[in-house]
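Coordinates in review
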Amino acid sequence: MLSEKMTVALNGQINKEMYSAYLYMDMSAHCTYEGLDGFANWFMVQYQEEMSHAMKIYDYINEQGGKIILEAIEKPPGDFGTPLEMFEATLKHEQFITKSIHDLVTLANEEKDYATQIFLQWFVTEQIEEEANDNEMIAKLKLVGNDGNGLFMIDNELATRTFTPPASEE
Ligand code: OFO
């Protein structure tokens, strides 16, 4: 059973994951507009991942007999700049999400909510991967700088990313 505090906090995380999905969908649209189809694909896969994160929490709250409380999703900034700036913004956002997940773990510990502590471990591990992916992309983009050929090669590489639903990763 979830405490009132834990229910509110987990619902808050659904909202943050939905915002992440919305943000990456907007970034994907921006990349399509700029003719960067591989980058657009990468961000659209990221959108799918974020939706699956939101649904994972949604399912968990339901499973525990808690109440789902859906709030408004914030508008994404819409102006994203260069691919490097986009990945820097993505990393910054993921660091914010990591902190939010860690705060949930702290709350689950305080509440002696052992089930939620275990549930959140998947997200703790996932955030390590999210930040590592962004750091790798930032390093690559810094390496190619303004070289059009380098950017073209990265765009081709990102076109191959596909979505793997979390359930089949376990
Ligand atoms: Fe859900 O990991 Fe990104 O935000």
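Please refer to the structure placed before this passage.
What counts, and at which threshold
Residues numbered from 1 in each chain as written. Predicted model: local features only at pLDDT ≥ 70, side-chain atom pairs only at ≥ 80, totals over all residues. Heavy atoms only, no water. Salt bridge = Lys/Arg side-chain N within 4 Å of Asp/Glu carboxyl O. Helix = DSSP H or I, 4+ residues; strand = E, 2+ residues; numbered from the N terminus. Buried < 20%, exposed > 50% of the residue type's maximum accessible area, 1.4 Å probe, protein only.

Under the counting rule described, the total for this entry stands at 4 salt bridges. We note a salt bridge from Glu 49 to Arg 161, for which the minimum N-O separation is 3.4 Å. Of this pair, Glu 49 sits in helix α2 (residues 37-63) while Arg 161 is found in the loop between α5 (148-158) and α6 (166-169), placing the two residues 112 residues apart along the sequence. Given the relative accessible area of 10%, Glu 49 is considered buried. Lys 99 is paired through a salt bridge with Asp 103; the nearest N and O atoms lie 2.9 Å apart. Here Lys 99 and its partner Asp 103 are both found in helix α3 (residues 83-110), 4 residues apart, which amounts to about one turn of the helix. For Asp 103, a relative accessible area of 41% puts it in the partly exposed group. Through salt bridges that share partners, Glu 136, Lys 140 and Glu 157 make up one connected network.

Note that every value here comes from positions in space, so none of it alone points to a role or purpose.
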